[in-house]
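Close look at the chain arrangement
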Amino acid sequence: MSASHDTASAGMRMTLPIWRQKNAESEGAFETYRLADISPDMSFLEMLDVLNEHLVSEKKEPVAFDHDCREGICGQCSLVINGKPHGPDALTTTCQLHMRRFKDGDTLYIEPFRAGAFPILKDLMVDRSAFDRIITAGGYVTVRTGAAPDANAVPVQQDHAEMAMDAAACIGCGACVASCPNAAAMLFV
């Protein structure tokens, strides 16, 4: 079941089949929207903002999606674009993905993360609370330790340094779980 909604203007043209679901209990379906006023310099979330402006001006329900910092560090923009969590670029969150990455006339399927760990709340919004509890369980401790030692004065094995950098690069978005065929949440921890 798909509806088609058209808007016309200058800029890149995109066809956007977007997952719409009223709430967690209802059945969802893709609805297709067409935009013709997309700047290549927009982020993916800005493009969704433009779509929502059109929908609101037509007195229609905007598409619900999560976002927070829009700086690529919070992990809230958990969307699947054409089957890939956060879209086609590795190590790039949805908010940092720009429309210039796509071609004029492309069709972009947009849906929420699909994993048992991420129950759908509405449209593209998922319940991330289970992951938030895992992060919170990591705890926080403050201890007076004096001045930090010079970084080069503490020898660290290369493999340990690499693992620490990998862990530090994780923003806790859960894309690893959403991209796993088994939706294994153990990847997250």
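Below: a short report on this structure. Quick caveat, the model's predicted, so the values are computed rather than measured.

**Examining the packing of aromatic side chains**
Evaluation of the coordinates by the stated rule reveals four aromatic pairs. Each ring, one from F30 and one from Y109, has its centre 5.8 Å from the other, and the planes form 85°; the classification is edge-to-face. Here the residue F30 occupies a position in strand β3 (residues 29-38), and Y109 occupies one in the loop between β5 (84-85) and β6 (110-112), the gap between them amounting to 79 residues. Following the ring pairs from residue to residue traces out a cluster consisting of W19, F30 and Y109. Here R114 stacks its cationic end above the ring of W19, 4.1 Å away from the centre of that ring.

**Topic: the layout of surface pockets**
Estimated volume of the largest pocket: approximately 440 Å³. Elements that contribute at least two residues to the lining of the largest pocket include exactly α3 (158-169) and α4 (175-179). If you tally residues by element for the lining of the largest pocket, the top one is α4, at three residues. Here the residues of the lining of the largest pocket sort into 10 nonpolar, seven polar and two charged.

What counts as what
- Residues numbered from 1 in each chain as written.
- Predicted model: local features only at pLDDT ≥ 70, side-chain atom pairs only at ≥ 80, totals over all residues.
- Heavy atoms only, no water.
- Phe/Tyr/Trp six-rings, centres within 6.5 Å; stacked < 30°, edge-to-face > 60°.
- Helix = DSSP H or I, 4+ residues; strand = E, 2+ residues; numbered from the N terminus.
- Lys NZ or Arg CZ within 6 Å of the ring centre and 35° of its normal.
- 1 Å grid on protein atoms, 1.4 Å probe; cavity = no way out; pocket = protein on both sides within 12 Å on 5 of 7 lines; lining within 4 Å.
- Points joined across faces, edges and corners; volume = space filled by probe spheres on them.
- Nonpolar A, V, L, I, M, F, W, Y, C, P; charged D, E, K, R; others polar.

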